[in-house]
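Working through the structure, step by step
Now for the letters of each chain:
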There are 2 protein chains.
Amino acid sequence: MNIAIIGAGSTGLLLAAHLSNKHQITCYVRRPEQQKEISQRSIHLYPENERYSVHAELIDRIDVHDLYIICVKQPNLSDIIKTIYKNVPIDKPLLFLQNGMDHIAKLHDVKNPILIGVLDHGANRVNDYTVEHTGKGSIRIGAKNKEDKKLESLIKSLHSNTFPVFWENDWLRMVKKKLCVNAVINPLTALFNVVNGEIVANDNIRFLASKLCKEACEVLQLDEEEMWVYITEVAQKTKTNISSMRKDVIHHAKTEIDAISGYLVKVSQKEIPYTNFVYYAIKSLQTEREDY
Amino acid sequence: MNIAIIGAGSTGLLLAAHLSNKHQITCYVRRPEQQKEISQRSIHLYPENERYSVHAELIDRIDVHDLYIICVKQPNLSDIIKTIYKNVPIDKPLLFLQNGMDHIAKLHDVKNPILIGVLDHGANRVNDYTVEHTGKGSIRIGAKNKEDKKLESLIKSLHSNTFPVFWENDWLRMVKKKLCVNAVINPLTALFNVVNGEIVANDNIRFLASKLCKEACEVLQLDEEEMWVYITEVAQKTKTNISSMRKDVIHHAKTEIDAISGYLVKVSQKEIPYTNFVYYAIKSLQTEREDY
């Protein structure tokens, strides 16, 4: 298949490398330097230290492909949607891989078949063409606006044993579960500057995690007990990992707090004080670091 | 007057030095090394770099004095109360200078005249006989169980222009106000590792501070608007100060979180989630540091 990957951060680079084994990949990027780097040097994947040749193009030269995988971060999504609207035929499926749920509302006007995916890989962008695969996981993908066996088989063609991709019938529940996990693990690990495992290992953080889980489940209408088991499993499995939000705070980068806790605060019908606390706490860490 | 000062931490040393100008002071301490240091070297007061000769004795050799000023921290108070019960005549007034309100309940069985004081000095114990006066303030003192003009004039005799001591008629309100200020400024400055001024300077921390203020005022039945003005004034006035709780977290010492936020959580009739959050957050910082 001929696949466009839009955005070459850690997720985009990881997908481009792995999918290039079986598919023809074009990475669309914003910066000419990154386009040149990926074209000339290939994508380097660690810890294996392997190289994957892919095409790289600037986003304003976007062409026609069989599938578009959109890996840009939430804040850049609106611009990308406009670009796609202008240049991509409406029968071509678009796969969105952002965190949170806020962006899904933005997709209302998009006529193309929309696929929503979540991934639980750990990946760390080292430079413009190098990505480190820090935790192997899988990608789950569902169809938002078209019930179509063709889409399902198209997605299944992405699957390989070394890079698993699964079809998911209940995409909304899948996205909600991911948001719930992120709303618990990300802000707490960032606030207390701890690895994911502390969510379960430290009794006091665990207490706060259970409160955040309860609030997120109420807002998202998920089963609290089931989600708590799931979240503690994720924290255990990724216990030595540094969450993306903690990484962003350490590197003084903008976090995804608005798309995660901020989303819950925005849509909740009633006060969710624990979520509200971490929302403002992470905001304060951002502001503080920008000041100094 | 012949005064016993029990406990020679930062508060005890500061009082002993200043009151020794006009009164005869005996410092009672637990450790023989500190007794020896204070006896031999006097108390050194910075930034003035002045020396104040006082007696120093071990607490189990406690003698009869006109006034006993108890400056030990909350956790050591029960032992001290037992010692006083055994050795101090019941007509001698006892002045308690602890943070929080939890200890006041412990004083129910004490027959002596009880004085309760709060102080807003900044003081930093440098070593067993040296204290740095980092912020000049005052001491306010009220009588808990005896309405007595003699107590009032006794307290007023402690006053000097360089070290002001004021009489307070409504001691309970005074203690509640101090607890409320501590419940807002201490945990937030410790959690975010910032100076007191950030409580008002950082919009996000300020929001959390207003929530903590609201909850504390509800529990303590204080006027929220009035307290918020007062707290922001304190934060402004002490804007470059490092709060005692932040200092304790930095030095991996036990904080007073149980006597402050923990007390509010314990006595509140309803959920106070923001206070609960900082309570567990500070607990988690303590645990974490002890682990490493």
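Residues numbered from 1 in each chain as written. Chains lettered and ligands numbered in written order. Predicted model: local features only at pLDDT ≥ 70, side-chain atom pairs only at ≥ 80, totals over all residues. Heavy atoms only, no water.

Focus: the side chain of Ser42 of chain B
Residue and element names in this part refer to chain B. What counts here: Helix and strand assignments follow DSSP, with helices taken as H or I runs no shorter than four residues and strands as E runs no shorter than two, numbered in order from the N terminus. Pairs of N or O atoms are called polar contacts if they sit within 3.5 Å, as long as, within protein, a hydrogen donor faces a hydrogen acceptor (for residues adjacent in sequence, only side-chain-to-side-chain pairs). Throughout, a contact is declared for two residues whenever any of their heavy atoms are within 4.5 Å.
Mapped onto the elements of the fold, Ser42 is located in the loop between α2 (32–41) and β3 (43–46). Engagement of the side chain of Ser42 in a polar contact is seen with the side chain of Ser53, the distance being 3.4 Å. Excluding residues within four positions of it along the chain, Ser42 makes contact with Glu37, Arg51, Tyr52, Ser53 and Tyr129.

Remarks on the UniProt feature "domain: Ketopantoate reductase N-terminal" (unreviewed entry) in chain A
Under the convention used in this document: UniProt positions are given in the numbering used here, feature names are shortened, and annotations may be inferred rather than shown by experiment.
When the UniProt feature table is mapped onto this chain numbering, "domain: Ketopantoate reductase N-terminal" (unreviewed entry) sits at residues 3–144 of chain A. Here residues 3–144 of chain A runs as 25% helix and 36% strand, with 19 Å between its end C-alpha atoms.

A few points about the domain arrangement of chain A
Residues and elements named next belong to chain A. Going by this rule: In this document the domain limits rely on a domain assignment from an automatic tool or a database. What gets called buried area is simply the loss in accessible area from a 1.4 Å probe that two parts show on being joined, summed for both. Criterion for a salt bridge: a side-chain nitrogen of Lys or Arg within 4 Å of a carboxyl oxygen of Asp or Glu. Just so you know the grouping, Ala, Val, Leu, Ile, Met, Phe, Trp, Tyr, Cys and Pro go in nonpolar, Asp, Glu, Lys and Arg go in charged, and all remaining residues, Gly too, go in polar.
Domain annotation for chain A reports domain 1 (2–168) and domain 2 (173–291). Taking only C-alpha atoms into account, the centre of domain 1 sits 25 Å from that of domain 2. Taken together, both faces of the contact between domain 1 and domain 2 bury some 1400 Å²; the carbon and sulfur share is 60%. Summed over the shared surface of domain 1 and domain 2, the result is two salt bridges. Asp102 is paired through a salt bridge with Lys266; the nearest N and O atoms lie 2.9 Å apart. Where domain 1 touches domain 2, the interface holds four residue pairs in polar contact (both at pLDDT 80 or more). Broken down by secondary-structure element, the contributors of at least two residues to the side of domain 1 that touches domain 2 are α4 (102–106), β8 (114–119), β9 (122–127) and β11 (139–143). The element that contributes the greatest number of residues to the side of domain 1 that touches domain 2 is β8, accounting for four residues. Residue composition of the side of domain 1 that touches domain 2, by class: seven nonpolar, six polar and five charged.

Brief notes about helix α5 (residues 149–156) of chain B
Residues and elements named next belong to chain B. Selection criterion: Using a 1.4 Å probe on the protein chains alone, a residue whose accessible area is under 20% of its type maximum counts as buried, one over 50% counts as exposed, and one in between counts as partly exposed. In this description, the arc belongs to the directions extending from the helix axis to the C-beta atoms.
When α5 is considered as a whole, its buried residues turn out to be Leu151, Glu152, Leu154 and Ile155. Down the axis of α5, the sector holding all buried residues measures 160°, keeping them to one side. Exposed residues lying more than 90 degrees from the buried face of α5 are Lys149 and Lys150. Elements in contact with the buried residues of α5: β6 (67–70), β8 (114–119), β11 (139–143) and β12 (165–167).

Examining the relation of the copies chain A and chain B
Under the convention used in this document: The superposition of copies rests on a least-squares fit of C-alpha positions from residues with pLDDT of 70 or more in both.
Laying chain A over chain B is done by rotating through 180° and shifting 0.0 Å along the axis; what remains is an RMSD of 0.0 Å. Overall, the copies show the geometry of a two-fold rotation axis. Considering only C-alpha atoms, the residue of chain A closest to the rotation axis is Pro273 of chain A, which sits at 3.1 Å.

Some points on the environment of Gly12 of chain A
Residue and element names in this part refer to chain A. Residue placement: Gly12 occurs in helix α1 (residues 10–19). Under the relative-accessibility criterion, Gly12 is labelled buried at 0%. In the structure, Gly12 is positioned 59 residues away from Cys71 in sequence and 5.5 Å away in space, judged by C-alpha atoms. Apart from residues no more than four positions distant in its own chain, Gly12 is found in contact with Ile5, Gly7 and Cys71.

A look at the interface of chain A and chain B
The partner chain B presents 25 residues to the 25 residues of chain A that form the contact. With both sides pooled, the region where chain A packs onto chain B buries about 2200 Å², and carbon together with sulfur makes up 65% of that total. Three residues stand out in chain A for area buried against chain B, namely Asn204, Phe277 and Tyr280 of chain A, and they jointly supply 29% of the buried area on that side. Taken together, chain A and chain B are joined by two salt bridges.

Description of the packing of helix α8 (residues 203–220) of chain A against helix α9 (residues 224–237) of chain A
All names here are of chain A. Inclusion rule: Fitting a line to C-alpha atoms yields each axis, with helices limited to the stretch in contact; the angle taken between N-to-C directions then spans 0 to 180 degrees. Geometric relationships in this document are graded by angle, where less than 35 degrees denotes roughly parallel, more than 145 denotes roughly antiparallel, 65 to 115 denotes roughly perpendicular, and other angles denote oblique. The crossing is said to be left-handed when, going from far helix to near helix, the turn is anticlockwise and less than a right angle, and right-handed when the turn is clockwise.
Where α8 meets α9, the axes come as close as 10 Å, and the angle between the chain directions of the two elements is 135°. Of the possible angle classes, the one that applies to α8 and α9 is oblique. Note on packing geometry: the crossing formed by α8 with α9 is right-handed. In this structure, α8 uses Arg206, Ala209, Ser210, Cys213, Lys214 and Cys217 to contact α9, whose residues at the interface are Glu224, Met227, Trp228 and Ile231. Each residue belonging to the contact of α8 with α9 can be placed in one class, and the counts come to six nonpolar, one polar and three charged.

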